[in-house]
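What the coordinates show
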Amino acid sequence: MILQLQETERFYRIWWALLSFVNAQRHLIPDLPAQPAPGSVKPADAMKIRNALWADDALLDQFIAENPAALPPADLALVGNWKHRVAGRFFVVKHLKKHSVFLDDRQPPRAYGVLGLVSPIEEIIGPYLPILVEAVLLPFEDKIIYDSLMSPY
């Protein structure tokens, strides 16, 4: 129900480079650490940067064009695929062995099998389902993950 360790490390390496870039462009959070230690960034601060990122795809394009973190081409292609993200409210309706099932609130609804990053989603939101969450789902190779920030209602 989670990414493999090397995949999680790859995601966070790319994700932090992207968030740092957005923060440098938009000057949202002063004193953002260059390399965060666990717990060193407040979720509200990360959410502020993340919301600015997803509000403007030009930031993704600029990050890819400038490549300030000197990411390899495969990582830049992965970031480019994040234009295909699905953001909004989802009902988490079931936890399975391979993923948790997210059902969007559109008509007709679509289901997504979402993997956790470090912990299974069940550990993050709890076992009591269904539950409504706000999330951004991202393609990650042949999987679907979330952008590390999820808010239950």
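In what follows, the structure referred to is the one given above.
Residues numbered from 1 in each chain as written. Predicted model: local features only at pLDDT ≥ 70, side-chain atom pairs only at ≥ 80, totals over all residues. Heavy atoms only, no water.

Examining the overall build of the chain
- A count of helices and strands for the chain gives five helices and six strands.
- Ordered by position from N to C terminus, the α and β elements of the chain give α-α-α-α-β-β-β-α-β-β-β.
- For a compact globule of 153 residues, the expected C-alpha radius of gyration is about 15 Å, and the chain comes in at 15 Å, within 12% of that figure.
- Structurally, the chain occupies a C-alpha span of about 40 × 30 × 30 Å along its principal axes.
- Scored against the burial criterion, the 153 residues of the chain give a buried share of 41%.
- The long-range share in the chain, meaning contacts at least 24 apart out of those at least 6 apart in sequence, stands at 61%.
- Total accessible area on the chain is roughly 8400 Å²; 56% of this is exposed by carbon and sulfur atoms. (Helix = DSSP H or I, 4+ residues; strand = E, 2+ residues; numbered from the N terminus. Rg over C-alpha atoms; globule rule 2.2 N^0.38 Å. Buried < 20%, exposed > 50% of the residue type's maximum accessible area, 1.4 Å probe, protein only. Contact = heavy atoms within 4.5 Å. Areas by Shrake-Rupley, 256 points an atom, 1.4 Å probe, with all protein chains shown as cover.)

A closer look at helix α2 (residues 43-55)
- Its 13 residues give α2 an end-to-end C-alpha distance of 18 Å, which sits within 8% of 18 Å, the value for a rise of 1.5 Å per residue.
- What α2 keeps buried is the set Ala46, Ile49, Arg50, Ala52, Leu53 and Trp54.
- Along its buried surface, α2 packs onto α1 (5-26), α3 (57-66) and β4 (131-140). (Expected span 1.5 Å × (residues − 1).)

Points about the nonpolar core
- With 44 residues, the main nonpolar core has Trp82, Phe102, Val133 and Leu137 as its most contacted residues.
- Here the element with the most residues in this core is α1; it accounts for nine residues. (Core = buried A, V, L, I, M, F, W, Y, C linked by side-chain atoms within 4.5 Å.)

Regarding the packing of aromatic side chains
- What the rule picks out here adds up to nine aromatic pairs.
- Between Trp15 and Trp54, the ring centres sit 5.9 Å apart and the planes meet at 25 degrees, which makes this aromatic pair stacked. Of this pair, Trp15 sits in helix α1 while Trp54 sits in helix α2, placing them 39 residues apart in sequence. Of the two residues examined, Trp15 and Trp54, each falls in the buried class.
- Ring plane angle 90 degrees and centroid distance 6.1 Å describe the contact between Phe90 and Tyr112, whose orientation is recorded as edge-to-face. (Phe/Tyr/Trp six-rings, centres within 6.5 Å; stacked < 30°, edge-to-face > 60°.)

Observations concerning the pattern of salt bridges
- Going through the model one piece at a time under the given rule, you end up with eleven salt bridges.
- The salt bridge partner of Lys143 is Glu7, with a shortest N-O separation of 2.9 Å. You can see Lys143 sitting in strand β5 (residues 143-146) and its partner Glu7 sitting in helix α1, a full 136 residues away along the chain.
- Residue Lys143 is classed as partly exposed on the basis of its relative accessible area, which comes to 26%.
- Relative accessible area serves as the criterion here: at 15%, Glu7 is assigned to the buried category.
- Put simply, Asp104 and Arg106 hold a salt bridge, and the shortest N to O gap is 3.3 Å.
- Three or more residues joined by partner-sharing salt bridges are found here, namely Arg10, Arg13, Asp75 and Glu141. (Salt bridge = Lys/Arg side-chain N within 4 Å of Asp/Glu carboxyl O.)

Concerning the side chain of Arg10
- Summarising the element assignment, Arg10 is placed in helix α1.
- According to the relative accessible area criterion, Arg10 is buried, its value standing at 16%.
- Leaving out residues up to four positions away in the same chain, Arg10 has contacts with Ala74, Asp75, Leu78, Phe140 and Glu141.

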